[in-house]
Amino acid sequence: MIFEAKTSIKKGEMISILKFIGSPNFDTVSKRKIKYIIIHYTGMKDQISAIQKLQSKVAKVSCHYLISKRGNIFQLVKDENVAWHAGKSRWLSDLNLNLKSIGIELVNNGNEPFEKKQINSLIKLLQFLKKNHQINKKFILGHEDIAPKRKKDPGPHFPWFKLYKLNLSKKR
Ligand SMILES: [Zn+2]
């Protein structure tokens with residue numbers, strides 16, 4: 001597996017820890033406009049199995065960032081590349097959102113509350129990405145929003161109202 005000691009977020013930003021761990025599952029494009037941020041939970045029993053899947057050439061899935069329960073942020077795919085997290089998806093007139101989005105996975109089995117430290121790191125990452133890519137808060141969405149028939153993540157435990165109060169989500 002690719003292991004690079006590289007960070008794409010510069011020193012001085014509000015990001016606590018960021019390690020580039022890489023994934024082979026991405027596409028390169030000449031230039032892309034990032035319009036969306038899509039939030040997921042991993043839905044697996046633990047962090048190790050989630051990372052293994054997100055790096056597996058067989059599973060063919062990935063995301064840009066994964067946030068551990070302790071709040072550590074790992075990057076698997078660079079922002080400029082297209083990660084494979086959304087699948088068949090739609091929002092308004094946009095189809096198949098991978099091309100236009102950044103995907104963030106939260107380590108969570110899908111049936112438990114999110115950790116406070118994890119949400120705090122997510123908030124810092126969203127603030128950074130929103131500013132860096134000029135993303136409208138109405139396009140910070142959950143996987144369940146863009147693929148409602150197939151997906152339930154990030155699910156009912158996810159604190160959308162907290163994000164709304166911080167100007168990181170529309171009211172919902
Ligand atoms: Zn998902």
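Our subject is the structure that appears above.
Draft legend 1. Looking closely at the side chain of Ser23. Mapped onto the elements of the fold, Ser23 is located in the loop between strand 1 (18-20) and strand 2 (26-27). Looking at Ser23, its side chain comes within polar contact range of the main-chain oxygen of Leu54, at 2.7 Å.

Draft legend 2. The arrangement of the environment of Ser169 in detail. The topology assignment puts Ser169 in the segment after helix 4 (160-165). Classification of Ser169 by relative accessible area gives buried; the value is 0%. Sequence separation between Ser169 and Leu92 is 77 residues, and the spatial gap between their C-alpha atoms is 17 Å. Residue contacts for Ser169: discarding those within four places in its chain leaves Lys137, Trp160, Leu163 and Tyr164.

Draft legend 3. Region of the structure containing the layout of surface pockets. Roughly 410 Å³ of internal volume is contained in the largest pocket. Around the largest pocket, the lining comprises 20 residues; the ones closest to its centre are Lys53, His85, Glu105, His143 and Lys151. Those elements that place two or more of their residues in the lining of the largest pocket are strand 3 (36-41) and helix 1 (47-54). Examining the composition of the lining of the largest pocket, we find that three residues originate from one element, helix 1, more than from any other. Residue classes in the lining of the largest pocket are distributed as seven nonpolar, six polar and seven charged.

Draft legend 4. Quick peek at the nonpolar core. Grouped together as the largest cluster of nonpolar side chains are 25 residues, with contacts concentrated most on Ile39, Ile104, Leu122, Leu126 and Phe158. Secondary structure elements with two or more residues in this core: strand 3, strand 4 (65-67), strand 9 (101-106), helix 2 (116-133) and helix 4. Top element by residues in this core is helix 2. It accounts for seven residues. When residues no more than four places from it in sequence are discounted, the contact partners of Leu122 are Ile39, Ile67, Ile104, Leu106 and Phe158. With ten residues, the next largest nonpolar core counts Ile51, Phe74, Leu76 and Val107 among its residues.

Draft legend 5. Layout of helix 2. For helix 2, which comprises 18 residues, the first-to-last C-alpha distance of 26 Å matches the rise-based estimate of 26 Å (1.5 Å per residue) to within 8%. Looking at helix 2, one finds that the buried residues are Gln118, Ile119, Ser121, Leu122, Ile123, Leu125, Leu126, Phe128, Leu129 and His133. Looking one or two places after helix 2, you find Gln134, whose phi comes out positive at around 55 degrees.

Draft legend 6. Main features of the packing of aromatic side chains. For the structure shown, the criterion picks out four aromatic pairs. Aromatic pair Tyr36 and Phe139: ring centres 5.0 Å apart, planes at 65 degrees, arrangement edge-to-face. Here the residue Tyr36 occupies a position in strand 3, and Phe139 occupies one in the loop between helix 2 and strand 10 (140-142), the gap between them amounting to 103 residues. Like Tyr36, the residue Phe139 is buried in the burial classification. Ring geometry for Phe158 and Trp160: centres 4.7 Å apart, planes at 65 degrees, overall edge-to-face. With respect to class, Phe158 is no different from Trp160; both count as buried. Within the aromatic cluster, the residues linked to one another by ring pairs are Phe114, Phe158 and Trp160. Lying across the ring of Phe139, Lys35 places its NZ or CZ 5.1 Å from the centre. If you follow Arg172 out to its NZ or CZ, it ends over the ring of Trp160, 3.8 Å from the centre.

The rules behind each value
- All chains use their own residue numbering, which begins from 1 and follows the written sequence.
- Reporting in this predicted model follows two pLDDT cut-offs: at least 70 for local features of residues, and 80 or more for side-chain atom pairs to be given and counted; totals over whole chains, interfaces and linings ignore these cut-offs and use all residues.
- Just so you know, side-chain values use all the structure's heavy atoms and leave hydrogens and water out.
- Each helix is a run of H or I in the DSSP string that is no shorter than four residues. Each strand is a run of E no shorter than two, and both are numbered from the N terminus.
- Whenever a nitrogen or oxygen atom comes within 3.5 Å of another N or O atom, the pair is scored as a polar contact, on the condition that within protein one atom can donate a hydrogen and the other can accept it, and that pairs from neighbouring residues in sequence are kept only if both atoms are in side chains.
- The classification of residues rests on relative accessible area computed with a 1.4 Å probe and restricted to protein chains. Under 20% of the type maximum is buried, over 50% is exposed, and intermediate values are partly exposed.
- Whether two residues are in contact is decided by their heavy atoms: any pair within 4.5 Å suffices.
- The method works on a 1 Å grid over the protein atoms by themselves. A cavity is a set of points holding a 1.4 Å probe that cannot get out, a pocket is an open set with protein on both sides within 12 Å along at least five of seven lines, and residues with an atom within 4 Å of a point line them.
- Grid points are joined across faces, edges and corners, and a volume is the space filled by probe spheres set on the points.
- Think of it as three bins: nonpolar holds Ala, Val, Leu, Ile, Met, Phe, Trp, Tyr, Cys and Pro, charged holds Asp, Glu, Lys and Arg, and polar takes everything else, Gly as well.
- Remark: nonpolar core denotes a set of buried residues (Ala, Val, Leu, Ile, Met, Phe, Trp, Tyr, Cys) joined through side-chain atoms within 4.5 Å.
- Multiplying 1.5 Å by the helix residue count minus one yields the expected span of that helix.
- Aromatic rings from Phe, Tyr and Trp, taking only the six-membered ring of Trp, are treated as a pair when their centres fall within 6.5 Å; an angle between ring planes under 30 degrees marks them as stacked, one over 60 as edge-to-face, and anything in between as tilted.
- A ring is considered to have a charge above it if a Lys NZ or an Arg CZ atom is located within 6 Å of its centre and within 35 degrees of its normal.

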